[in-house]
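Close look at the chain arrangement
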Amino acid sequence: MKVGIIYYSETGTTEKCAKWVAEGAKKGGADEVRLFNLKDDDNPDKEYLESCSALIFGTPTYVANMCWQLKKWFDTRLNVNLAGKLGGAFATENSPFGGGGEQAVMTMITHMLVKGMMVYSSGMSYGRPYIIHMGPTIVRDIADERQELCEVFGERIAAQAEKIGV
């Protein structure tokens, strides 16, 4: 089973979290996990993405929203068929006070639904560590304290993709 992680990272925080999510996905049963930083290439491997069972999106939070680079990807990569795949999202932010990470995650979820994806959220139902209901939000200054949360998020998404056979 393959998992793809599409994210944008300017300063390295979102990339660090994406790598932790990837490690978790491997623990959850993914045979192959590939990361795509839109900073390096805004046209990730279409064939690989379409062969994935799960796709996870990550963004830094800007003005309580996802970054424009990821929004552009969702809006312009209409030739990438995401329908039926399991999707998840995470965001990084500078502050837990008005940072808007949860809103950024919800915006990504909306785009996933428009693309025909199934959305993953373990919320509280899988026990501790609790993951924010829609997807983790990671505050930059304490990102290292959230490594386990990111890994568990990736692990749970991969395990769910395997379970439902997408």
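Residues numbered from 1 in each chain as written. Predicted model: local features only at pLDDT ≥ 70, side-chain atom pairs only at ≥ 80, totals over all residues. Heavy atoms only, no water.

Their axes nearest at 6 Å, the elements helix α1 (residues 13-27) and helix α5 (residues 147-164) cross at an angle of 45°. Judged on the interaxial angle alone, α5 and α1 are oblique. For α1 against α5, the interelement crossing comes out right-handed. Only Gln147, Cys150, Glu151, Phe153, Gly154, Glu155 and Ala158 of α5 make contact with α1, whose side of the interface consists of Cys17, Trp20, Val21, Glu23, Gly24, Ala25 and Lys27. (Axes fitted to C-alpha atoms, helices over the stretch in contact; angles between N-to-C directions. Helix = DSSP H or I, 4+ residues; strand = E, 2+ residues; numbered from the N terminus. Parallel < 35°, antiparallel > 145°, perpendicular 65-115°, else oblique. Left-handed = near helix turned anticlockwise from the far one by under 90°. Contact = heavy atoms within 4.5 Å.)

Along the chain, Asn37 turns up in strand β2 (residues 32-37). Here the side chain of Asn37 touches Ser9 through a polar contact of 3.2 Å, landing on its backbone nitrogen. Asn37 has contacts with Tyr7, Tyr8, Ser9 and Glu15, leaving out every residue within four places of it along the chain. (Polar contact = N/O pair within 3.5 Å; in protein donor to acceptor, adjacent residues only side chain to side chain.)

This part is about the side chain of Thr13. Inspection of the secondary structure assignment puts Thr13 in helix α1. Judged by its relative accessible area of 14%, Thr13 falls in the buried class. Filtering out sequence-adjacent residues up to four positions away, Thr13 remains in contact with Thr92, Arg140 and Ala143. (Buried < 20%, exposed > 50% of the residue type's maximum accessible area, 1.4 Å probe, protein only.)

Among the surface-exposed residues, Met118, Ile164 and Val166 lie close enough to one another that they form a single nonpolar patch of about 210 Å² accessible area. Among the secondary structure elements, Val166 is positioned in the segment after α5. Overall, the relative accessible area of 32% leaves Val166 in the partly exposed class. (Patch = residues over 30% accessible without salt bridge, like charges linked within 9 Å, V, L, I, M, F, W, Y side chains within 5 Å. Areas by Shrake-Rupley, 256 points an atom, 1.4 Å probe, with all protein chains shown as cover. Salt bridge = Lys/Arg side-chain N within 4 Å of Asp/Glu carboxyl O.)

So, about the packing of aromatic side chains. Per the stated rule, a full pass over the model turns up five aromatic pairs. When the ring of Phe57 is compared with that of Phe74, the centres are 4.8 Å apart and the planes differ by 45°; the resulting orientation is tilted. Separated by 17 residues along the polypeptide, Phe57 in strand β3 (residues 54-60) and Phe74 in helix α3 (residues 68-76) bring together distant segments of the chain. Per residue, the accessibility class of Phe57 equals that of Phe74, and both read buried. An angle of 55° between the planes, with centres 6.3 Å apart, marks the rings of Tyr120 and Phe153 as tilted. Placement of Tyr120 in the loop between β5 (118-119) and β6 (137-139) and of Phe153 in helix α5 is noted, with a sequence separation of 33 residues between them. (Phe/Tyr/Trp six-rings, centres within 6.5 Å; stacked < 30°, edge-to-face > 60°.)

Let's shift gears to the nonpolar core. With 25 residues, the main nonpolar core has Val3, Ile5, Ile56 and Phe90 as its most contacted residues. At the level of elements, β1 (2-7), α1, β3, β4 (86-93) and α5 are the ones that each hand at least two residues to this core. Apart from the residues within four sequence positions on either side, Ile56 is in contact with Val3, Gly4, Ile5, Ile6, Val21, Gly88, Phe90, Phe153 and Ile157. In this structure, Ile6, Leu38, Leu55 and Ala91 belong to the second largest nonpolar core, which totals 24 residues. (Core = buried A, V, L, I, M, F, W, Y, C linked by side-chain atoms within 4.5 Å.)

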